[in-house]
Amino acid sequence: MSVTPTSAAELRRSFLSFFEQNGHQVVKSAPLIPINDPTLMFVNAGMVPFKDLFIGLETRSYTRASSCQKCMRVSGKHNDLEEVGRTARHQTLFEMLGNFSFGDYFKEEAIELAWKFLTEEMNIDRNKLWITVFGGHGETLPADVEAREIWKRVSGLGNERILDMGMKDNFWAMGDTGPCGPCTEIHYDTRPDDAPPPTLEDFETGEVMEIWNNVFMQFNRLADGSLEPLPKPSVDTGMGLERLATIMQGEQSNYHTDLFLPMLNKISALSGKEYKRSDAEDDVSMRVIADHARATAFLTADGIQPSNEGRGYVMRRIMRRAIRHGHRLGLSELFFFQICDVVVEIMSDAYPELLEARELITKVAQLEERNFRRTLSTGLKILEDELATSQAKRQTQLSGSTVFKLYDTYGFPKDLTEIIAQEKGLTIDADGFAREMEAQQERSRRNDGADQKATTVYKRLSQSLGAIEFIGYTDEDTPLEERSGHWRTRNSGSSQSIEVETQIVAIIQDGAEVESASAGHVELVLNPTPFYGESGGQMGDKGIVHAANDTRLEVVDSKKPVDGLTTCHARILNGTITKEQRVWAGYFTQERKAARAHHSATHLLHLGLQQVLGNHVKQAGSLVDSEHLRFDYSHFEAPTTDELTQIETAVNARVQRNYPVQTDVLPFDEAKQKGALALFGEKYGDLVRVITMGDSIEFCGGTHVGKTGEIQMVLITKEEAIASGVRRLEAECGASAVKRTEQTFQRLEKAASLLNGHELDIDTNSEPILAGIAKVYRTYRRLTQSLQEAGEAPITVSQTASAPTLKTNFGFEQAKAGRDMWQVLTRAVNTKVGDIEELSKAHIHLDTNHLLATFTKLQLANRANERIAQSQQTAQMSSQAENLLNLTEDIAGISVLATRVEGVDGKGLRELADQLRSKMASGVLCLGTESNGRANLLIALSKDLTKQFQAGALVKKLAPIIGGRGGGKPELAQGGGDNASGFEELFEALKKFLKSSS
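Since the model is a prediction, treat every value here as computed from it, not as a measurement.

How each quantity is defined
Residues numbered from 1 in each chain as written. Predicted model: local features only at pLDDT ≥ 70, side-chain atom pairs only at ≥ 80, totals over all residues. Heavy atoms only, no water. Helix = DSSP H or I, 4+ residues; strand = E, 2+ residues; numbered from the N terminus. Buried < 20%, exposed > 50% of the residue type's maximum accessible area, 1.4 Å probe, protein only. Contact = heavy atoms within 4.5 Å. Lys, Arg positive; Asp, Glu negative; His and termini not counted. Charge placed at Lys NZ, Arg CZ, Asp CG, Glu CD. Axes fitted to C-alpha atoms, helices over the stretch in contact; angles between N-to-C directions. Parallel < 35°, antiparallel > 145°, perpendicular 65-115°, else oblique. Left-handed = near helix turned anticlockwise from the far one by under 90°. Nonpolar A, V, L, I, M, F, W, Y, C, P; charged D, E, K, R; others polar. Pairing = 2+ DSSP bridges. Expected span 1.5 Å × (residues − 1). Arc of directions from axis to C-beta. Phe/Tyr/Trp six-rings, centres within 6.5 Å; stacked < 30°, edge-to-face > 60°. Polar contact = N/O pair within 3.5 Å; in protein donor to acceptor, adjacent residues only side chain to side chain. Salt bridge = Lys/Arg side-chain N within 4 Å of Asp/Glu carboxyl O.

Engineer: In this structure, what is going on with the overall build of the protein? I would like to understand it.
Structural biologist: The number of helices and strands found in the protein is 29 helices and 34 strands. Classification of the 998 residues of the protein by burial places 50% in the buried group. Residue pairs at least 24 apart in sequence account for 68% of intrachain contacts in the protein once pairs closer than 6 positions are excluded. Each charge class in the protein was averaged separately, 112 positive and 138 negative side chains, and the resulting centres sit 2 Å apart.

Here it is in structure tokens:
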């Protein structure tokens, strides 16, 4: 049939308009980066943005929708990159037309809409269309007869045109568990009109091409593999725009539609080679470039940049593959950005984000091609030499170490090397490459904190700008009026910043250097810079940047991507910044002061650890910010409490001695001779910076206090193992330690109030220890009251708890005493009652105010009172059991006791059942009770009846009557529900079942 060609843009609009007229909300394509879905690298299907709607985690104002979603399939199970350009259908990026029902319409309307759109809106010859439905799978999944009958009624097609397919083709599942259901697919016969009926092979090869898949989500697959019907069956459909365009434009390949031909024509013009619509290598290269340009443009517009990991690596691999094919076509000048620009021209009407990012797309494509061409030139020379050597030696394989060297040093993706090798008749040692990669990863794991490979833009900037001067070292404690340059102080609310006049020497946005920026996030290179870039474990500075015309930026972090280069990551709040512009840049003084204190404290901790634990202790990583420090160190066993006390005491002694902090820049060897500690994993140049605090001497590039007394105090907050032979210590000092101490004493005061019986509003999540203390006292009060009401004499506690008072100008000793007291209380709350006495004896000397003593006595009293209550309950149950046995009935020759009991909880119900079973020789026991608003059910059988009945099966069958479920073993099973009023109905159902089964 001859079909009038229709442009892809018209097809896209027609599809969305058709479904909008049929009550669907047209939804804009989501970005390629999945939102709140870490399971996916890219959006790979039209339904992904609606995933939470389908599984019930989200609701929207509509129940039916339609979209044209941009998708990427180039990773995971959809990784067919090598097929791109070689087949008529494979693309990395494609557009998925879809209509969706979220519990609205189901099979009938979905089929009617699809058929109407294709045969009436698109005027596709119905004789070219074939339908597949789910043909069933074993006994668990019957054939979708319903869909078949709907198709026959809607389309008028006979059974011979509606084919059964199996699980692989016509059953969809979101995962191993969750929503799933049968599919029905619509296929278009691309063969001549007089071709015989298609075979299964014609479907497999695409001669009969799938164009539209309708998924009917009607089941929820449980963990055991069983299927339960979904309460609101839904519809998820997908039809590739590229395939629809191929049909409507009378073509045999997606690449020969107006979605690709403009790029192919541009590539042909640039290369001077005619595109012949063939399988020749030149034509394959052109198709690869066209496809990869589409992917690059869309990825860039969605905020992804080429890099060496994650999504960025996938993008880089795509871009470099395209550039390599351009090199193969003889394109010696930058070309790839021009093909990307054609994508913008033909696609931006539907995707305006492409037009908005047009300049960025151009720069990203130019930069990556420029960088890769340099890499390609060097790498190709090495590769050609290696290939020539291999051929001379008559080897058929390129070694894994060579492939890895090209990848690691020159950025050659493995598949690119493989392609070039294949052109010379060689294969690559993929296993050897994998071993080299694993070895590199192992080296990275051993060298925690080792520098990551810097991106090209940082390296280029570092080379062109030279070392950026950080003026925090020399001017840190100098009065503003004595500093070189122009300085000022700025107050904003509770924050104060110290600012210096400086200059923007580079701006980076979206991974590329730009001349100016007026919105979004940027990286600024300032020279000189007042911002400390994250390094040596110390986190980067935050601050502000001000310029003329009320231009303002918030600096959220500062980094050192390569040696000598500091970049501050900032968010533009107002105005426009330009390269070479003069600005005022300032760091927050209180945050810097606190970070300095924590960094200096790590040096003193390092020395303290060595002195107490041994000289084998070495720093194995650290993190320092304004609120706390983390110090990783090599050691082979947990330090004892006494050892930690010694370390902490030694550190604070050095703080109190108020040592001056001296900074020297020395030749490496001279610094070593002075006794300076070099840190594990760090790289040092010929000149090193050495920090001296009394007897602590270390290499360090961070910022530090002027005197150790500025640290105020150091409190260890945590110590734990993080790896074999590596432990982690966390601590706070300065304002953070003061704040924590004040909070600790407030908690101790609340603990005393709770132990004295006062009711406080305690958040269980934020204050679990106080909540635990409150629970112990409530248990004490409940047990004593219930025993007194029953005429029993409970064990009581008369001791009163009191909390210590925090002095106004407290120091380390009092802070430590309060911290230790709280830690002991924490241990007590988390200790088994049987071990409480031993804990109390070991730490009572710390608890001079009797908090621990009072808590211990309450716990021990609770244990004694629970025993009294248990003894009392046992006696009551024994008496109750005798009375209950009188209610036993004979049902079809079986002794049955089915009754409701009062005054017992779920645990008590089981104890009562044990009493009754010991007195029943043979029979069925069914007990029900209500406790705390919940219905509890127990069914027990004597052993002789388990051949005929199963307790677990009975509970599973009967529990729904009380609004619940349950299960258990053949002899005893329990369940629960929320409808205690249903017990009488449940008992009658049990008797009826037993009678009918006998």
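Engineer: It is not clear to me how the packing of helix H23 (residues 768-789) against helix H26 (residues 851-884) should be interpreted in this structure. Could you clarify?
Structural biologist: Helix-helix packing is characterised by the crossing angle of the two axes and by the distance between the axes. The N-to-C vectors of H23 and H26 enclose an angle of 40°; their axes lie 9 Å apart at closest approach. Between H23 and H26, the angle is such that the two are oblique. Read as a crossing pair, H23 and H26 show a hand that is left-handed. On the side of H23, the interface is formed by Ile773, Val776, Tyr777, Thr779, Tyr780, Leu783, Thr784 and Leu787, while H26 contributes Phe855, Leu858, Gln859, Ala861, Asn862, Asn865, Glu866, Ile868, Ala869 and Gln872. By residue class, the composition of the contact of H23 with H26 is eleven nonpolar, six polar and one charged.

Engineer: Just checking my understanding: could you explain the pairing of strand E26 (residues 696-699) for this structure?
Structural biologist: Residues in a regular strand project their side chains so that they alternate between the two faces of the sheet. With burial as the criterion, each face of E26 is covered, one bearing Ser696 and Glu698 and the other bearing Ile697 and Phe699. What sits between the antiparallel neighbours strand E25 (residues 687-693) and E26 is a turn of two residues, in which Gly694 has the positive phi angle 65°.

Engineer: Sorry if this is basic, but what is going on with helix H24 (residues 812-829) here?
Structural biologist: In an α-helix, one turn spans 3.6 residues, which is why side chains three or four residues apart end up on the same side. An ideal rise of 1.5 Å per residue puts 26 Å on 18 residues; H24 measures up with 26 Å between its terminal C-alpha atoms. For H24, the tally of buried residues reaches 13 of 18 residues, placing the bulk of the element in the interior.

Engineer: When you look at the sheet that holds strand E33 (residues 965-968) in this model, what are you seeing that I'm missing?
Structural biologist: Read from one edge to the other, the open sheet built from six strands follows the order E29-E30-E31-E32-E34-E33, with strand pairing classed as mixed. Each end of this open sheet is capped by a strand with a single partner; those strands are strand E29 (889-891) and E33. Neighbour-to-neighbour, the strand axes of the sheet open up by a mean angle of 20°, direction not taken into account. Direction of pairing for strand E30 (residues 894-900) relative to strand E31 (residues 924-931): parallel, over a ladder of five bridges. Note on E31: the bridge partner recorded for Ala898 is Cys926.

Engineer: Help me out: how do you make sense of helix H28 (residues 951-958) in this one?
Structural biologist: Burial in H28 covers these residues: Ala951, Gly952, Leu954, Val955 and Leu958. Angularly, the buried residues of H28 cover 160° about the axis, an arc narrow enough to put them on a single face. More than 90 degrees from the buried face of H28, the exposed residues found are Lys956 and Lys957. Elements that come into contact with the buried residues of H28 comprise strand E32 (934-941), E33, strand E34 (972-977) and helix H29 (983-997).

Engineer: Help me understand the sheet that holds E25 in this model?
Structural biologist: Strand pairing within a sheet occurs via backbone hydrogen bonds; the two strands may be parallel or antiparallel. Spatial strand order, E24-E25-E26: three strands in an open sheet with antiparallel pairing. In this open sheet, the two strands that pair with only one neighbour each are strand E24 (661-667) and E26. The average undirected angle you get between the axes of adjacent strands in this sheet is 25°. As paired strands, E25 and E26 are joined by four bridges and run antiparallel to one another. Following the sheet pairing, Thr692 is matched in E26 by Ile697. Strand contacts of helix H19 (residues 589-613): E25 and E26, with the helix running at about 115° to E26, the strand carrying the most contacts.

Engineer: I would appreciate a short explanation of the packing of aromatic side chains in the present structure.
Structural biologist: Ring pairs (aromatic) are described by centroid distance and by the angle formed between their planes. According to the stated counting rule, one finds 24 aromatic pairs in the structure shown. Taking 4.8 Å as the distance between ring centres and 50° as the angle between the ring planes, the aromatic pair formed by Phe15 and Phe19 counts as tilted. Placement of the pair is Phe15 and Phe19 together in helix H1 (residues 8-21), with a separation of four residues, close to one helical turn. Taking the relative accessible area as the measure of exposure, Phe19 reaches 0% and is therefore buried. Each ring, one from Phe404 and one from Phe433, has its centre 6.1 Å from the other, and the planes form 55°; the classification is tilted. Here Phe404, found in helix H14 (residues 400-410), pairs with Phe433, found in helix H16 (residues 430-446); they are 29 residues apart in sequence, far enough to count as distant. For Phe404, a relative accessible area of 6% puts it in the buried group.

Engineer: I would appreciate a short explanation of unusual backbone geometry in the present structure.
Structural biologist: Backbone geometry follows two general trends: most residues other than glycine have a negative phi, and most peptide bonds adopt the trans configuration. Cis geometry is found at the peptide bond from Asn527 to Pro528, where omega equals 0°. Tracing the backbone through its elements, the reader meets Pro528 in the loop between strand E16 (521-526) and strand E17 (543-547). Backbone geometry at Asp510 places phi at a positive 55°, although glycine is not the residue there. Looking at the element boundaries, Asp510 is found in the loop between strand E13 (495-509) and strand E14 (512-514). On the accessibility criterion, Asp510 (35% relative accessible area) is partly exposed.

Engineer: Sorry, what's going on with the pairing of strand E18 (residues 551-562) here?
Structural biologist: Two elements, E17 and E18, share five bridges in a ladder whose sense is antiparallel. Across the sheet, the residue bridging to Gly543 is Val555, located in E18.

Engineer: It is not clear to me how the environment of Thr576 should be interpreted in this structure. Could you clarify?
Structural biologist: In this structure, Thr576 sits in the loop between strand E19 (565-574) and strand E20 (577-578). When its relative accessible area of 39% is taken as the criterion, Thr576 is described as partly exposed. Every residue in contact with Thr576, bar those within four places of it in the chain, is listed here: Ser516, Ala517, Ser518, Thr551 and Gln581.

Engineer: Any chance you could explain the side chain of His24 here in plain terms?
Structural biologist: Here His24 is to be found in the loop between H1 and strand E1 (25-27). Using a relative accessible area of 4% as the deciding quantity, one classes His24 as buried. Within the structure, the side chain of His24 is placed 3.1 Å from the backbone oxygen of Asn22, a separation counted as a polar contact. At 2.7 Å, the side chain of His24 and the side chain of Tyr105 are in polar contact. Ignoring any residue separated from it by four or fewer positions in sequence, one finds His24 in contact with Phe19, Arg64, Ala65, Ser66, Asn99, Phe100, Tyr105 and Leu113.

Engineer: Just to check I follow, could you spell out the pattern of salt bridges for this structure?
Structural biologist: When their charged atoms lie close together, side chains carrying opposite charge are able to pair. What the rule picks out here adds up to 52 salt bridges. Residue Arg654 pairs with Asp695 through a salt bridge whose shortest N-O separation is 2.9 Å. With Arg654 in helix H20 (residues 641-656) and Asp695 in the loop between E25 and E26, this pair connects stretches of sequence that are 41 residues apart. Given the relative accessible area of 40%, Asp695 is considered partly exposed.

Purely spatial values, then, with no claim about function.
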